[in-house]
Amino acid sequence: VVVLLLAAAWGPCFSGAVLSPQRRWPVPYRRFDYRPKTDPYCQARYTFCPTGSAIPVMKEEDVIEVYRLQAPVWEFKYGDLLGHLKIMHDAVGFKSSLTGKNYTMEWYELFQLGNCTFPHLRPGMDAPFWCNQGAACFFEGIDDAHWKENGTLVLVTTISGTMFNEMAKWVKTDNETGIYYETWTVQASPDKQSVVWFDSYECSKFILRTYQKLADLGAAFKKIQTNYTSIILFSGEPIYLGNETSIFGPLGNKTLAAAIRDFYYPFKPHQTVREFFVDLFKIIDRVILNHQFYLFYNLEYWFLPMKFPYLKIIYEEVPLPTGNKTSFGV
């Protein structure tokens, strides 16, 4: 459990906490009017979308094949290693019958998973600093070897050029308003009927939204099994703590602010073996022995009273959607 918490990253104090502003679960993912510029402090080991291009306008009469793409996270570097843990990355591919050109579309972190999952504690700054934007990437070509060798490349539907162009408009809006990557799904128990407190917002959710949009436009999907990865934290009902200003601002709660910074400190990138094991012990003590986790969601902080089994990676089926099959038929 703890090793998985550390892999993602590479004493509770409720004084001043306020009651949740709402009791709607899961907490709705917040959308924004525009995408802010990224801070130059945020740096990625691997460039985001290095060969990205604009989404082309297809001819209305074009017939476009749509492919489901899935491969282990960081497959290009570690092969099938994370595939054994069912930690998978999802994308969607397109092939134009008129031009013969292939395209890949995906959504992922601008600055890698660790920066989206845990913040930086910068000297001279009271509040944790987050590099947690995610965005869509579109580029020409499909790397067949990447998706086929340890993953999936399979035809799921066929659409018209008109449907593709409508989807492209939706992608632009979705990408401009949904700007923050959320790693964790948080729910009450492993039971499938349990309450979901927070839903993740990552690559697979973008693909699911894309499929649903195509279904709404009239795409008829094949009947094949489709599974996706979720990283789940288990907790009792979350306690709302506040936002950056209310906690870390001039009139904030200094005790709570210190507790949050102290919680995040062990999740920093590790420099030595000794540091790794010292921080590992701190994580075990706080998350498992003392049932504590601080979640940052929608630019706000929540306390999670953690419960067994604390964390689980699941790879479960989410069926392809069914549409009305009346609009923009092929």
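Thresholds applied
- Within every chain, residues take consecutive numbers counted from 1 along the sequence as written.
- Under the rules for a predicted model, residues below a pLDDT of 70 receive no local features and side-chain atom pairs below 80 are neither given nor counted, while totals for whole chains, interfaces and linings still include all residues.
- The basis for every side-chain value is the complete set of non-hydrogen atoms in the structure, without hydrogens or water.
- Counted as salt bridges are all cases of a side-chain nitrogen of Lys or Arg within 4 Å of a carboxyl oxygen of Asp or Glu.
- Put simply, DSSP H or I for four residues or longer makes a helix, DSSP E for two residues or longer makes a strand, and each gets a number counted from the N terminus.
- The buried label applies to any residue whose accessible area, calculated with a 1.4 Å probe on protein chains only, is under 20% of its type's maximum; exposed applies above 50%, and partly exposed to all values in between.
- Paired strands, in this sense, are two strands between which DSSP finds at least two bridges.
- Working definition: a disulfide is two cysteine sulfur atoms within 2.5 Å of each other.
- A contact between two residues is defined here by any heavy atoms of the two lying within 4.5 Å.
- Stacked, edge-to-face and tilted are the three classes for Phe, Tyr and Trp ring pairs, Trp counted by its six-membered ring, which pair at centre distances within 6.5 Å; planes under 30 degrees apart are stacked, over 60 edge-to-face, the rest tilted.

S.K.: Hey, could you run me through the pattern of salt bridges in this one?
M.R.: Opposite charge on two side chains allows them to pair when their charged atoms are near. Overall, the coordinates contain 7 salt bridges when judged by the stated rule. Two residues, Glu166 and Lys169, come together in a salt bridge whose shortest N-O distance is 3.4 Å. Residue Glu166 and its partner Lys169 are located together in helix H5 (residues 161-177), separated by 3 residues, close to a single helical turn. Taking the relative accessible area as the measure of exposure, Glu166 reaches 27% and is therefore partly exposed. Across the salt bridge formed by Asp174 and Arg209, the nearest N and O atoms sit 3.0 Å from each other.

S.K.: I tried to follow the pairing of strand S2 (residues 88-96) on my own but got confused; where do I start?
M.R.: In the case of a regular strand, side chains alternate between the two sheet surfaces. Burial within S2 is extensive, with 8 of its 9 residues counted as buried. Judged from the 5 bridges that link them, S2 and strand S3 (residues 102-109) form a sheet pairing that is antiparallel. Pairing of Ala91 across the sheet is with Glu106, part of S3. Between S2 and S3, which pair antiparallel in sequence order, lie 5 residues; one of them, Gly100, sits at a positive phi of approximately 75°.

S.K.: In this structure, what is going on with the state of the cysteines? I would like to understand it.
M.R.: A covalent bond between the sulfur atoms of two cysteines is what we call a disulfide. Applying the stated criterion to the full structure yields 2 disulfides. There is a disulfide in this structure between Cys42 and Cys131, and the S-S distance comes to 2.1 Å. Across the disulfide from Cys42 to Cys131, rotation about the S-S bond amounts to roughly -85°, and the bridge is consequently left-handed. Separated by 89 residues along the polypeptide, Cys42 in the loop between helix H1 (2-9) and strand S1 (63-72) and Cys131 in the loop between helix H3 (112-117) and strand S4 (134-140) bring together distant segments of the chain. In this structure, Cys42 and Cys131 share a single accessibility class: buried.

S.K.: Would you explain the environment of Phe32 in this entry?
M.R.: You can see Phe32 is positioned in the loop between H1 and S1. According to the relative accessible area criterion, Phe32 is buried, its value standing at 15%. Linking Phe32 and Gly178, residues 146 residues apart in sequence, is a C-alpha distance of 6.6 Å. If we skip the residues at most four places from it in the chain, Phe32 touches Glu176, Thr177, Ile179, Tyr180 and Leu299.

S.K.: Would you mind showing me how to read the packing of aromatic side chains here?
M.R.: Here a ring pair, both rings aromatic, is described through the centre-centre distance and the interplanar angle of the planes. For the structure shown, the criterion picks out 31 aromatic pairs. Seen in terms of ring centroids, Phe94 and Phe164 are 5.2 Å apart; in terms of plane orientation they differ by 90°. Their pairing is edge-to-face. With a gap of 70 residues between them, Phe94 in strand S2 and Phe164 in helix H5 connect regions that are remote in the sequence. With a centroid separation of 5.7 Å and 65° between ring planes, the pair formed by Phe248 and Tyr301 is classed as edge-to-face. Placement of the pair is Phe248 in helix H7 (residues 244-248) and Tyr301 in strand S11 (residues 300-317), with a sequence separation of 53 residues. Grouping residues by exposure puts Phe248 and Tyr301 together as buried.

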